[in-house]
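What follows is the residue order along each chain.
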Amino acid sequence: MGSSSSLSRDDRLVGTLNRQPALRMSKRENRSASKRDAVLLGTTGFYGDSVYDVAGKFLGEIEELVLDIHSGRVAYALMAVGGFLGMGRKMFAIPWSTVTIDSAYQRCVINIGLERLIDAPSLDGDVLPRMADPSWATEVHAYFGCKPYWE
């Protein structure tokens, strides 16, 4: 059992779990126009974000971002498509290099239609071991028409 100080620390964190994400764009009124603001976002800020195709059609939601520990790069956006209350949905690993961020609407966009996405290699069960398989990873990057992140 934890100490009373750890319990009070945990109690403070409980209120932060379901908070709304902060705006992603920073604005400064008192700066020169030539300087560019850094816009940073933690990976949990992507959880539940909607993903759209370039035509503006909803495709699914991001479940998590998958990092390659050795390179320190984001390798994939794990995306859930379809289903109701978690039933009947399919999971896809979208190579991060294919994801663009639409800053105007604060959403993720990929250059693939729903029909083509549904035919992409999907994931079932324990996804991380499958995603670490080099032949599967090569197949996914080829399907999305992008260079593998490790090259």
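Residues numbered from 1 in each chain as written. Predicted model: local features only at pLDDT ≥ 70, side-chain atom pairs only at ≥ 80, totals over all residues. Heavy atoms only, no water.

Caption draft 1: Just the pairing of strand β1 (residues 50-53), in detail. Here β1 pairs with strand β2 (residues 58-68) via three bridges, running antiparallel. Considered in β2, the bridge of Ser50 is made with Glu61. With three bridges connecting them, β1 and strand β6 (residues 107-110) associate as parallel partners. Bridging from a neighbouring strand, Tyr52 pairs with Val109 of β6. (Pairing = 2+ DSSP bridges. Helix = DSSP H or I, 4+ residues; strand = E, 2+ residues; numbered from the N terminus.)

Caption draft 2: Seen up close, the sheet that holds strand β7 (residues 122-123). Taken in spatial order, the seven strands line up as β5-β6-β1-β2-β3-β4-β7 in an open sheet, and their pairing is mixed. Each of the sheet's edge strands pairs with one partner strand only, and the pair in question is β5 (99-102) and β7. In the sheet, strand β3 (residues 73-81) pairs with strand β4 (residues 90-95) via six bridges, with the strands oriented antiparallel. The residue of β4 that forms the bridge with Tyr76 is Pro95.

Caption draft 3: Up close: helix α4 (residues 134-143). Buried residues of α4: Trp136, Ala137, Val140, His141 and Tyr143, and no others. The buried residues of α4 occupy an angular sector of 160 degrees when projected down its axis, which confines them to one face. Projecting away from the buried face of α4 at angles above 90 degrees are the exposed residues Pro134, Ser135 and Ala142. The inward-facing, buried residues of α4 contact β3, β4, α2 (114-118), β7 and α3 (127-131). (Buried < 20%, exposed > 50% of the residue type's maximum accessible area, 1.4 Å probe, protein only. Arc of directions from axis to C-beta. Contact = heavy atoms within 4.5 Å.)

Caption draft 4: The packing of aromatic side chains, seen in detail. Enumeration over the complete set of coordinates arrives at five aromatic pairs. Pairing Tyr76 with Tyr149 gives two aromatic rings, centres 6.0 Å apart and planes at 80 degrees, and the pair type is edge-to-face. Taken as a pair, Tyr76 in strand β3 and Tyr149 in the segment after α4 lie far apart in primary sequence, 73 residues in all. Chaining the aromatic ring pairs together yields one cluster made of Tyr76, Trp136, Tyr149 and Trp150. Arg107 extends its terminal NZ or CZ atom over the ring of Tyr52, reaching a point 4.1 Å from the ring centre. (Phe/Tyr/Trp six-rings, centres within 6.5 Å; stacked < 30°, edge-to-face > 60°. Lys NZ or Arg CZ within 6 Å of the ring centre and 35° of its normal.)

Caption draft 5: Inspection of unusual backbone geometry at higher detail. Here the phi dihedral of Gln106 falls at roughly 50 degrees; this positive angle occurs in a residue that is not glycine. Inspection of the secondary structure assignment puts Gln106 in the loop between β5 and β6. Residue Gln106 is classed as partly exposed on the basis of its relative accessible area of 27%.

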